[in-house]
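# Summary of the model geometry
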Amino acid sequence: MARRARRPLVAGNWKMNGTRSSAREVKALGRLVAKSQTKPSCEIMICPPATLVHHIRDAARGTPVRVGGQDCHFAQGGAHTGDISADMLKDAGARAVIVGHSERRSDHDESDAVVCAKAEAVHACGLTAIVCVGETETQRDDGATLRIVGAQLKGSLPASATAKNTVIAYEPVWAIGTGRTPTNEDVAKVHQHLRRRLVALLGEAEGEGTRVLYGGSVKPGNAVELMGIDNVDGALVGGASLTAKDFFGIIAAYIR
Ligand code: 13P
């Protein structure tokens, strides 16, 4: 399938950053997008902390910016102190939820099975799951990247996954917040591998239709180059999504 058939997604992951005053960045982003001559040929999303989902959704009203969550519990409700369900995020205005981010996998010991159950919970309430995979630096040095991301993909995708309700994000752990990125050839190799695995797991149409984002030190300065790589269908952006200026600099790569 030609890449153009998959509408790119540029999603910002604010991680544990932001307060209600951050809404001004979202408003500024909305103005920058509105001012650009051509509509961006991509979906734009911001995933703020759960406390801000509702507030940021309100701030983004009237703009093409959509809002997502960063994580959810795999249950839809019950005795899970401190946790938040996909349904609650949906109620607050989220359209998607990131699951299996490497920071969740390492800080909270989340296994592929847990990530899979979370993705299933996201699907069950009609939202899109952004499922993250990525190798550590040691795994990369051992030449295990393709094997690791392939296994994470297989273990993290529930039977409910389709091209419409699932987005994959390839985020090499060693590239997150470090200013380092893999070579274009390495990104192309991993994304092609993920595409093949998706086709094997979901069938031709769903596997070809599922978007695969790249994440890890995406900045305005490397966004154009990264989006030009085969099977890269957008970006999952951390630090550079916190200010309207930088995030728009990345989105601008998708304005033609
Ligand atoms: P950085 O863009 O800050 O490297 O973070 C990437 C990331 O983890 C997005 O989920």
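### Some thoughts on the packing of helix H5 (residues 112-124) against helix H7 (residues 145-156)
Orientation of H5 relative to H7, taken along the N-to-C sense of each, is 45°, at an axis distance of 7 Å. Regarding the angle of H5 to H7, the classification is oblique. Within the contact between the two elements, H5 uses Asp112, Ala113, Val115, Cys116 and Ala119 and H7 uses Ala151, Gln152, Gly155 and Ser156. Across the contact of H5 with H7, the residue classes tally to five nonpolar, three polar and one charged.

### So, the pattern of salt bridges
Per the stated rule, a full pass over the model turns up 15 salt bridges. With a closest N to O distance of 2.6 Å, Glu110 and Lys118 form a salt bridge. Both residues of the pair, Glu110 and Lys118, belong to the buried class. If you follow the salt bridges from partner to partner, you end up with Arg6, Arg195, Glu208 and Asp233 in one network.

### Looking at the sheet that holds strand S7 (residues 211-215)
Consider a sheet: its strands pair through backbone hydrogen bonds, and that pairing is either parallel or antiparallel. Spatial ordering of the closed barrel is given by S1-S2-S3-S4-S5-S6-S7-S8, a layout of eight strands whose pairing is parallel. Here the average twist between neighbouring strands, direction ignored, is 30°. Examined bridge by bridge, strand S5 (residues 128-133) and strand S6 (residues 166-170) share five bridges and lie parallel to one another. Among the inter-strand pairings, Ile130 is bridged to a residue of S6, identified as Val167. Taken strand by strand, helix H11 (residues 244-251) contacts strand S1 (9-13), strand S2 (43-47) and strand S8 (234-237), and its axis lies near 155° from that of S1.

Definitions and limits used
- Residues numbered from 1 in each chain as written.
- Predicted model: local features only at pLDDT ≥ 70, side-chain atom pairs only at ≥ 80, totals over all residues.
- Heavy atoms only, no water.
- Axes fitted to C-alpha atoms, helices over the stretch in contact; angles between N-to-C directions.
- Helix = DSSP H or I, 4+ residues; strand = E, 2+ residues; numbered from the N terminus.
- Parallel < 35°, antiparallel > 145°, perpendicular 65-115°, else oblique.
- Contact = heavy atoms within 4.5 Å.
- Nonpolar A, V, L, I, M, F, W, Y, C, P; charged D, E, K, R; others polar.
- Salt bridge = Lys/Arg side-chain N within 4 Å of Asp/Glu carboxyl O.
- Buried < 20%, exposed > 50% of the residue type's maximum accessible area, 1.4 Å probe, protein only.
- Pairing = 2+ DSSP bridges.

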